[in-house]
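Observations on chain architecture
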Amino acid sequence: MTETSATFKAKSTVKSADLEHRQKINFNIGKYNAIVPQGKHQFSDVSLARERAKNIKWKAIETLDQQLEAFEKNFTRNGGKLIWASTAQDALDEVLTICREKNCRTIVKSKSMVTEEIHLNPFLEKNGIESIETDLGEYIQQLDGESPYHIVTPAMHKSKEDVAKLFAEKLGTDPKLSPEELTLVAREKLREKYTQAEIGITGANFLISETGSIAVTENEGNARLSSAFPKTHIAIVGIEKMIPSLTDLALFWPLLATFGTGQKITSYNTIISGPRQLNETDGPEEMYIILLDNGRTNIIANAKQRESLYCIRCGACLNACPVYKNIGGHSYGTTYSGPIGSVITPHLQGMPEYKHLSYASSLCGNCTEVCAVKINLHELLLENRNEAVETGNATFTEKIAWKMWKTASLNRGMMNMSNGKMKNWMINKIFKVWTRHRSDLTFSQKTFNEMWKDRMKGKN
Ligand code: SF4
């Protein structure tokens, strides 16, 4: 068993028995479940909307090479500077070079999973640069020294009491503050940082090749401030975020809002096409976009897994997953958790270390059912299992177990050799691997042949 797999199992075991955690998650996901159906009413045919979105993403990913070239041409024509980063380290090095050029001491940052993926904040900290999260949920997580728990709701596992306690500990506020008062405290702290920061860093929800623009969706206005206040704006974006046309946003914005938070449309949707132009009064003097690969081309090269790149990070599959709801976001030990994380992480970070995530699923198909862009998530998890076996990543015990199972299943004589009692004992007591995390298997007391005979007798 790899270290990542052992850690995952240990953390999952603890979390799934943590009833307080379960109660908090169920409360927050319950609120989400109550509001999403209302958001869906805005679509005359929500299934068709999802299908159309899937087709647009299909087109974008199938022609990604051309879309990226067009994006680069259009963005640089707008005065932006485009940087290609093959790996996380490349992206980090580029950010540091810009920071050094600008003599940057403070960065304001809006919520971005890609910056989590490349571990930007610890890297900047190591290099003596303060990087402040400006999204409230991310700010809470940063104060607590934790990574985001959920791709849309970073502090989903914390109650308002937890947050009040955290603010009291870290910022010296009254532990009885209400959520509104806590928000005002965070706002006051953050506003000051916007005016100090030399650089603002954001992610992007979409890259638009037709215009060379990024589209950023948020509910707090902090990404707008992070990109407009400092003199330099850096957007770090995964190459798969591409959509061909500006008009595609008419579908993707409401879809992302509804499946992400149940809103009809998110509060702030911003399209940024480059730095401030001569006739403009605000915006950064310079804008960089770092386009990150970091394993995404591995997924493009894999015809079966390619559709996982259609993901718009709405988080719906996490909220729907019975495994996620029990073990929580941190047990995965990955940037992307839940079903989509289990699908893509083995391809982004290595099958041997992360293949176990493909088994963290009941294969109930609920993730596929709720996916905003109809990704066949549960089938891709099965594909991952298959790939793990095909590439020699199955364990020796697993290989032996399946070999024995296959031999016995294909041999009626062997299947009939023992009764149900003996089979129960063999599986539940001898092969304890099965029952370590599951309830006992109960075999029928009679063999199939015996039952068939009985049935035939009954008919005669
Ligand atoms: S896989 Fe689908 S449901 Fe899950 S986050 Fe991505 S778009 Fe949303």
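In case you missed it, the structure is sitting above this.
The text that follows walks through the structure, step by step, so that each part is easy to find. (Residues numbered from 1 in each chain as written. Predicted model: local features only at pLDDT ≥ 70, side-chain atom pairs only at ≥ 80, totals over all residues. Heavy atoms only, no water.)

As a further point, take the sheet that holds strand β5 (residues 206-208). Two modes of strand pairing occur in sheets, parallel and antiparallel, and in both the strands are linked by backbone hydrogen bonds. Strands sit in the order β8-β5-β6-β9 across an open sheet of four strands; the sheet is mixed. A strand with exactly one partner marks an edge of an open sheet, and here the two such strands are β8 (242-243) and β9 (268-272). The pairing of β5 with strand β6 (residues 213-218) spans three bridges and is antiparallel. Residue pairing in the sheet places Ile208 in a bridge with Ser213 of β6. (Pairing = 2+ DSSP bridges. Helix = DSSP H or I, 4+ residues; strand = E, 2+ residues; numbered from the N terminus.)

Within the fold, Ala53 resides in helix α3 (residues 46-62). Those residues within four positions of Ala53 in sequence are excluded, and the remaining contacts are Leu251, Phe252, Leu255 and Val373. (Contact = heavy atoms within 4.5 Å.)

If you look at the biggest cluster of nonpolar residues, it comprises 79 residues, and the most contacted ones within it are Val95, Phe206, Ile234 and Ile236. In contact with Ile236, not counting residues within four places along its chain, are Val95, Val114, Thr115, Ile118, Leu120, Ile201, Thr202, Gly203, Ala204 and Ile290. Counting residues in each nonpolar core, the second largest holds 19 residues, with Leu82, Ala204, Leu207 and Ala223 among its members. (Core = buried A, V, L, I, M, F, W, Y, C linked by side-chain atoms within 4.5 Å. Buried < 20%, exposed > 50% of the residue type's maximum accessible area, 1.4 Å probe, protein only.)

Enumeration according to the criterion identifies eight aromatic pairs in this entry. Measuring from ring centre to ring centre gives 5.8 Å for Phe8 and Tyr332, while their planes differ by 55°; the resulting arrangement is tilted. Remark: Tyr332 occurs in the loop between α15 (322-327) and α16 (338-349) and Phe8 occurs in helix α1 (residues 3-16); sequence separation between them is 324 residues. Residues Phe71 and Phe75 carry aromatic rings whose centres are separated by 6.0 Å and whose planes lie at 15° to one another, so their mutual orientation is stacked. One end of the pair, Phe71, and the other, Phe75, are both in helix α4 (residues 64-77), four residues apart, so they sit about a helical turn from each other. The class of Phe75 is buried, set by a relative accessible area of 0%. Three or more aromatic residues joined by ring pairs form one cluster here, namely Phe8, Tyr149, Tyr324 and Tyr332. Here the basic side chain of Arg313 rests over the ring of Tyr336, its NZ or CZ set 4.5 Å away from the ring centre. (Phe/Tyr/Trp six-rings, centres within 6.5 Å; stacked < 30°, edge-to-face > 60°. Lys NZ or Arg CZ within 6 Å of the ring centre and 35° of its normal.)

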